[in-house]
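Each chain, written out:
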Amino acid sequence: MSEERKNAEDAQEKRNRENEEIREMGTLDLGEKGGRHGIQLLTIIGEIEGHEAVSGNTKATKYEHLLPRLAEMEEDPGTEGILILLNTLGGDVEAGLAIAEMIASLSKPTVSLVLGGSHSIGGPLAVSADYSFIVPTGTMIVHPVRSTGMFIGVIQSYRNMERTQDRIARFISDHSRISQERLVELMLDSTQLVKDVGTMLEGEDAVREGLIDEVGGISQAFAKLHEMIEERRSSTAVQSNNREN
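Let us look at the structure shown here. (Residues numbered from 1 in each chain as written. Predicted model: local features only at pLDDT ≥ 70, side-chain atom pairs only at ≥ 80, totals over all residues. Heavy atoms only, no water.)

**Concerning helix H2 (residues 63-75)**
In an α-helix there are 3.6 residues to a turn, and that puts residues three or four apart on one side.
Working step 1: With 13 residues, H2 extends 19 Å between its outermost C-alpha atoms, agreeing within 8% with the 18 Å of an ideal straight helix rising 1.5 Å per residue.
Working step 2: Those residues of H2 that sit buried are Tyr63, Leu66, Arg69, Leu70 and Met73. Burial along H2 is one-sided: seen end-on, the buried residues are contained in an arc of 125°. (Helix = DSSP H or I, 4+ residues; strand = E, 2+ residues; numbered from the N terminus. Expected span 1.5 Å × (residues − 1). Buried < 20%, exposed > 50% of the residue type's maximum accessible area, 1.4 Å probe, protein only. Arc of directions from axis to C-beta.)

**Regarding the packing of H2 against helix H3 (residues 93-104)**
Working step 1: Where H2 contacts H3, the axes come no closer than 10 Å and their chain directions differ by 10°. Considering the angle they form, H2 stands roughly parallel to H3. Contacts from Tyr63, Leu66, Leu67, Leu70 and Ala71 of H2 reach H3 at Ala95, Ala98, Ile99, Met102 and Ile103. (Axes fitted to C-alpha atoms, helices over the stretch in contact; angles between N-to-C directions. Parallel < 35°, antiparallel > 145°, perpendicular 65-115°, else oblique. Contact = heavy atoms within 4.5 Å.)

**What to know about the packing of aromatic side chains**
Working step 1: Tallied over the entire structure, the rule returns one aromatic pair.
Working step 2: Relative to Phe133, the ring of Tyr131 has its centre 5.2 Å away and its plane inclined at 55°; by these criteria the two rings are tilted. Considered together, Tyr131 and Phe133 belong to a single accessibility category, that of buried residues.
Working step 3: In this structure, Lys224 is placed above the aromatic ring of Tyr131, and the distance from its NZ or CZ to the ring centre is 4.5 Å. (Phe/Tyr/Trp six-rings, centres within 6.5 Å; stacked < 30°, edge-to-face > 60°. Lys NZ or Arg CZ within 6 Å of the ring centre and 35° of its normal.)

Pasting the structure below:
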């Protein structure tokens with residue numbers, strides 16, 4: 001086998017592995033593409049799948065796939081930053097919060113970008129990054145926690161839903177500039193959504209309310225992440241010099 005043919009086959013095998021990683025995990029190592037920083041791409045698309053599998057025709061993000069991948073990114077010395085792309089209608093509350101808490105606890109710089117929408121439990125996912133962007137036409141919908149399927153109409157069940165809603169509101173307010181009180185007001189607004197309560201915020205509205213940091217697209221998200229990585233490198237270098245002295 002010629003060297004040229006072997007290189008071509010190796011390149012094709014690498015592309016196949018990357019395509020498989022995107023299809024199965026929604027992730028891609030951008031650092032291998034020759035960028036100036038080691039950035040990992042993470043996508044959260046479709047419905048957030050929890051302990052129960054969603055319909056085979058529904059696009060879903062599986063939390064049991066993302067959690068190990070996030071842990072790997074945290075431990076990988078080559079990963080300097082993580083870019084998270086979101087377009088989700090929400091889904092399983094516990095799974096969504098688990099992913100959001102995992103992202104928020106990473107030591108690596110993280111930037112999120114809302115494309116299309118980041119609704120319901122997508123709210124905590126969007127704000128879990130160190131810095132968040134939303135495209136001008138992007139939307140976020142905040143609403144109270146809902147029940148699905150059979151629901152026992154007793155006070156204990158209502159209190160459990162209320163506590164879950166408080167957890168979501170507290171997480172969002174802790175990781176953004178919106179107050180928990182204002183967020184609950186938006187959740188309970190009865191004038192915005194037909195036959196439902198809640199609020200839909202478009203790009204500039206989400207920034208104005210303090211839910212998202214900035215309106216922008218992929219270039220702005222990359223620029224911010226590169227800036228954060230450089231700041232972290234400089235800080236690490238200063239700390240290293242101080243220890244040596």
